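One letter stands for each residue in the lines below.
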Amino acid sequence: MNYINEYKTIESYMRTELVVKKSKFITSVCPVQNEEEAICFINKIKKEFYDARHNVFAYQIGLKNEIQRCTDDGEPSGTSGAPTLDVLKKNNITNAIIVTTRYFGGTLLGTGGLVRAYGQSASKCIDASNVIHRKLFTKIHLSLNYVFSGKIGYILKQNNVTVEDILYTDVVTYVLLVDKTNFSLFEHTIIEATNSNVDIKIIGDTFYTI
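Residues numbered from 1 in each chain as written. Predicted model: local features only at pLDDT ≥ 70, side-chain atom pairs only at ≥ 80, totals over all residues. Heavy atoms only, no water.

Novice: Describe in detail the nonpolar core, supporting the description with residues and values.
Specialist: Within the largest apolar cluster, 17 residues are counted, with the highest numbers of intra-cluster contacts made by Leu142, Leu144, Ile152, Tyr174, Leu176 and Phe186. Listed by contribution, the elements that provide at least two residues to this core are strand S7 (131–144), helix H4 (149–158), strand S9 (172–179) and helix H5 (183–193). In contact with Leu176, other than residues within four places in its own chain, are Thr138, Lys139, Ile140, Leu142, Leu156, Val161, Thr162, Val163 and Phe186. Formed by 14 residues, the second largest nonpolar core is a distinct cluster that contains Val32, Ala38, Ile45 and Tyr59. (Core = buried A, V, L, I, M, F, W, Y, C linked by side-chain atoms within 4.5 Å. Buried < 20%, exposed > 50% of the residue type's maximum accessible area, 1.4 Å probe, protein only. Helix = DSSP H or I, 4+ residues; strand = E, 2+ residues; numbered from the N terminus. Contact = heavy atoms within 4.5 Å.)

Written out as structure tokens, the structure reads:
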């Protein structure tokens, strides 16, 4: 099956500043799940820095970076939005937006200077952020007789399976997070270990931070 099972993103909001020839570059980065959230964040920054001439942004959204947007917001074409987006691309970060606010310091930087300044500003903010990996897991309910609990506990430990909860009724029910890529093998191992005396209920696939 062709699916993306892991991606990198930003854990939370971060802001950094960079001064280049008296021009101040204030860069804000934020995780987003969709384009609506990205636009909302852009508007928030523009409202905060209402007196700034430039609020350059770039974002990538989607497991395959299906959505990529950037703007120069009044800066010379190609000098700010594209270098900012390149930082997300080079770091392989998705579901994130970068907005750099610039206050002109009186000295022209030139096209090359702007490209370097916006790229450095975005990189500085990403470097200061907590970059996280999110991986695809299959959440399941595993119900079986108490007699198998010792054997199952050993298998879970050997396979580094995350146990979210254990419910004790007339049977033992484990709430588990299993790496999506290893699920078929894990399922086979459990069925074999219990001689098929197990009930496996798949709840669904979800990305979790690892």
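Additional details are given in the paragraphs that follow.
Novice: Could you give me a rundown of the pattern of salt bridges, with the residues and numbers involved?
Specialist: Pairing is possible between side chains that carry opposite charge, provided their charged atoms lie close to one another. Taken as a whole and judged by the stated rule, the model has six salt bridges. Across the pair Asp205 and Lys180 runs a salt bridge whose closest N-O atoms are separated by 2.8 Å. Here Lys180 lies in the loop between S9 and H5 and Asp205 lies in strand S10 (residues 198–209), a separation of 25 residues in the sequence. (Salt bridge = Lys/Arg side-chain N within 4 Å of Asp/Glu carboxyl O.)

Novice: Could you give me a rundown of a nonpolar patch on the surface, with the residues and numbers involved?
Specialist: Taken together, the side chains of Tyr146, Val163, Ile166 and Tyr168 make up a nonpolar region of the molecular surface, amounting to roughly 370 Å² of accessible area. Among the structural elements, Tyr146 can be located in the loop between S7 and H4. Look at Tyr146 and you get partly exposed, because its relative accessible area is 37%. (Patch = residues over 30% accessible without salt bridge, like charges linked within 9 Å, V, L, I, M, F, W, Y side chains within 5 Å. Areas by Shrake-Rupley, 256 points an atom, 1.4 Å probe, with all protein chains shown as cover.)

Novice: How would you sum up helix H2 (residues 81–90)? Please name residues and give values.
Specialist: Regarding H2, the residues found buried are Gly81, Pro83, Thr84, Leu85, Val87 and Leu88. As for H2, its buried residues are in contact with strand S4 (54–61), strand S5 (67–71), strand S6 (96–103) and helix H3 (110–128). Directly beyond the C-terminal end of H2, a positive phi value near 55° is found at Asn92.

Novice: Outline the packing of aromatic side chains, supporting the account with residue identities and numerical values.
Specialist: Taken as a whole and assessed by the stated rule, the structure comprises seven aromatic pairs. Arranged with centres 5.1 Å apart and planes meeting at 65°, the rings of Tyr7 and Phe207 form a pair that is edge-to-face. Of this pair, Tyr7 sits in strand S1 (residues 6–10) while Phe207 sits in strand S10, and the two are 200 residues apart along the sequence. Taking relative accessible area as the criterion, Tyr7 reaches 9% and is therefore assigned buried. An angle of 65° between the planes, with centres 6.2 Å apart, marks the rings of Tyr13 and Phe41 as edge-to-face. Of this pair, Tyr13 sits in the loop between S1 and strand S2 (14–20) while Phe41 sits in helix H1 (residues 35–48), placing them 28 residues apart in sequence. On the basis of relative accessibility, which here comes to 7%, the residue Phe41 falls in the buried class. (Phe/Tyr/Trp six-rings, centres within 6.5 Å; stacked < 30°, edge-to-face > 60°.)

Novice: Please set out the sheet that holds S4 residue by residue, giving values where relevant.
Specialist: On the basis of which strands lie adjacent, the open sheet formed by five strands has the order S2-S3-S6-S4-S5 and antiparallel pairing. In the strand order of this sheet, the two ends are held by S2 and S5, each with one partner. On average, each strand axis in the sheet is tilted by 15° relative to the strand beside it, whichever way the strands run. Looking at chain direction, S4 and S5 are connected through five bridges and run antiparallel. Each bridged residue has a counterpart across the sheet, and for Tyr59 the counterpart in S5 is Arg69. Contacts between H1 and the sheet are confined to S2, strand S3 (23–31), S4, S5 and S6, with S4 contributing the most and set at about 165° to the helix. On the sheet, H2 packs against S4, S5 and S6 and is oriented at approximately 35° with respect to S4. (Pairing = 2+ DSSP bridges. Axes fitted to C-alpha atoms, helices over the stretch in contact; angles between N-to-C directions.)

Novice: Outline the packing of H4 against H5, listing residues and values.
Specialist: Between H4 and H5, whose axes approach to 11 Å, the crossing angle comes to 160°. Considering the angle they form, H4 stands roughly antiparallel to H5. Of the two elements, H4 crosses H5, and the hand of that crossing is right-handed. Contacts between H4 and H5 pair Lys151, Ile152, Ile155 and Leu156 from the former with Phe186, Thr189, Ile190 and Ala193 from the latter. The residue makeup of the contact of H4 with H5, split by class, is six nonpolar, one polar and one charged. (Parallel < 35°, antiparallel > 145°, perpendicular 65-115°, else oblique. Left-handed = near helix turned anticlockwise from the far one by under 90°. Nonpolar A, V, L, I, M, F, W, Y, C, P; charged D, E, K, R; others polar.)

On their own, these measurements won't tell you what the molecule is for.
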